[in-house]
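# Remarks on the overall topology
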Amino acid sequence: MNLVNGSLRPPLKWAGGKRWLVPRLQKLWLSSNHQRLVEPFCGGLSVALALKPEQALLNDINPALINFYQQLSKGLTIDLPMDNDVDCYYRYRQEFNEINQESQAAVRSAQLFYYLNRTGYNGLCRFNKSGGFNVPFGRYKSINYQTDFSAYQALLADWQFTNLDFQQLILQKGDFVYADPPYDVPFTQYARQGFSWDDQERLALWLSQHDGPVALSNQATDRIKKLYKQLGFKLKYVDAPRTISCKGSQRQTVREVLALRGF
């Protein structure tokens, strides 16, 4: 069984994943009066898999990611031959970019997305402005690929996955909202649309209007701290592991802010 501390392990490698923050979020989750978990930027799914809510609205602007989770909730299995090979990787990347927008190829797209995620450089998920996945080959010594994801089906079956701009999500009174947007850093090309400072401000205002518990994490830049403090959020600071570097010795911590409201 693919478990970590009694919870299913996130099925994807995910740069910037929040598994390290789960103990803090679990305390907030247990202390709040909530209806369901809502994540406008569900990313690698580490938070939802750890909290295991009965109801969840899990959203991301990345359509390939959401398609993968939708297929996971239906009991995805992979029959795609998967090799840790540079020629195989770029062949599959080209195929993924050609079929990614075709709804009739949803299962194949999910299989290819998993392979690219496990084989590409450092778990990055990056798209160019034309919508093409452009992460290079990862050059790992070995990779343990998974082919049977049936263990995830029961938990994910009652969760709703959407691919929308966060402001289109319909929140209910009492929803526990955890927002983990792209960091306030120069690189924002996580999805084709990017995520600008205007988006950061729009998100902060949207979260401040929710009638229920809200937690947000972001890099603790001066303007992020000022933005959320002005909107009445309580700020707590945590040191987050930075896991982008391919060499463990070069991985450092980065200061994050946890902005809280409604607790």
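All values derive from a computational prediction rather than experimental measurement. (Residues numbered from 1 in each chain as written. Predicted model: local features only at pLDDT ≥ 70, side-chain atom pairs only at ≥ 80, totals over all residues. Heavy atoms only, no water.)

## A few points about the packing of aromatic side chains
- Summed over the entire model, instances satisfying the criterion amount to 22 aromatic pairs.
- With a centroid separation of 6.3 Å and 45° between ring planes, the pair formed by Tyr89 and Tyr115 is classed as tilted. One end of the pair, Tyr89, is in helix H4 (residues 86–99); the other, Tyr115, is in helix H5 (residues 106–119), and 26 residues separate them in sequence.
- Given a relative accessible area of 0%, Tyr115 falls into the buried group.
- Pairing Phe166 with Trp206 gives two aromatic rings, centres 5.4 Å apart and planes at 55°, and the pair type is tilted. Here Phe166 is found in the loop between strand S5 (159–162) and strand S6 (176–179), whereas its partner Trp206 is found in helix H7 (residues 197–208), with 40 residues between them in sequence. For the pair Phe166 and Trp206, a shared accessibility class is recorded, and that class is buried.
- By way of ring pairs, the aromatic residues Phe68, Tyr69, Phe96, Phe113, Tyr114, Phe127, Phe133, Phe149, Tyr152 and Phe161 are connected into one cluster. (Phe/Tyr/Trp six-rings, centres within 6.5 Å; stacked < 30°, edge-to-face > 60°. Helix = DSSP H or I, 4+ residues; strand = E, 2+ residues; numbered from the N terminus. Buried < 20%, exposed > 50% of the residue type's maximum accessible area, 1.4 Å probe, protein only.)

## Description of the UniProt feature "binding site: S-adenosyl-L-methionine" (unreviewed entry) in the chain
- On the UniProt side, "binding site: S-adenosyl-L-methionine" (unreviewed entry) is annotated at positions that read Trp14, Lys18, Asp60 and Asp180 here.
- Looking at the element boundaries, Asp60 is found in the loop between strand S4 (56–59) and helix H3 (63–72).
- Side-chain polar atoms of Asp60 contact the backbone nitrogen of Gly43, separated by 3.2 Å.
- Along the chain, Asp180 falls in the loop between S6 and H7.
- Taking the relative accessible area as the measure of exposure, Asp180 reaches 17% and is therefore buried.
- Residue contacts for Asp180: discarding those within four places in its chain leaves Gly16, Lys18, Phe41 and Ser217. (UniProt positions renumbered as here; feature names shortened; annotations may be inferred. Polar contact = N/O pair within 3.5 Å; in protein donor to acceptor, adjacent residues only side chain to side chain. Contact = heavy atoms within 4.5 Å.)

## Considerations on the pairing of S4
- Side chains Ala56 and Leu58 of S4 all project onto a buried face; the interleaved residues Leu57 and Asn59 project onto the opposite face, where all are buried too.
- In the classification by handedness, the crossover that spans strand S3 (residues 37–39), the intervening helix H2 (residues 46–51) and the parallel S4 is right-handed.
- With four bridges connecting them, S4 and S5 associate as parallel partners. The partner of Ala56 across the bridge, within S5, is Trp159. (Right-handed = clockwise from strand over helix to strand, strands pointing away. Pairing = 2+ DSSP bridges.)

## Some thoughts on the side chain of Thr162
- Relative to the elements of secondary structure, Thr162 occurs in strand S5.
- According to the relative accessible area criterion, Thr162 is buried, its value standing at 11%.
- At a separation of 2.8 Å, a polar atom in the side chain of Thr162 contacts the side chain of Asn59.

## What to know about the packing of H3 against H5
- Interaxial distance between H3 and H5 falls to 9 Å at its minimum, and their mutual angle equals 110°. Between H3 and H5, the angle falls in the class roughly perpendicular. Contacts between H3 and H5 involve Ala64, Leu65, Asn67, Phe68 and Gln71 on the former and, on the latter, Ala106, Val107, Ser109, Ala110, Phe113 and Tyr114.
- For the contact of H3 with H5, a count of residues per class yields eight nonpolar, three polar and no charged. (Axes fitted to C-alpha atoms, helices over the stretch in contact; angles between N-to-C directions. Parallel < 35°, antiparallel > 145°, perpendicular 65-115°, else oblique. Nonpolar A, V, L, I, M, F, W, Y, C, P; charged D, E, K, R; others polar.)

## Notes on unusual backbone geometry
- The backbone of Lys52 sits at a positive phi, close to 50°, despite the residue not being glycine.
- Mapped onto the elements of the fold, Lys52 is located in the loop between H2 and S4.
- Look at Lys52 and you get partly exposed, because its relative accessible area is 41%.

## Some points on helix H8 (residues 222–230)
- Buried residues of H8: Ile224, Leu227 and Tyr228, and no others. Buried residues of H8, viewed axially, fall in a sector of 85°; they line one side. In H8, the exposed residues that point more than 90 degrees away from the buried face are Asp222, Lys226, Lys229 and Gln230.
- Buried residues in H8 make contact with H7, strand S7 (214–219), strand S8 (234–241) and strand S9 (253–261).
- Directly beyond the C-terminal end of H8, a positive phi value near 90° is found at Gly232. (Arc of directions from axis to C-beta.)

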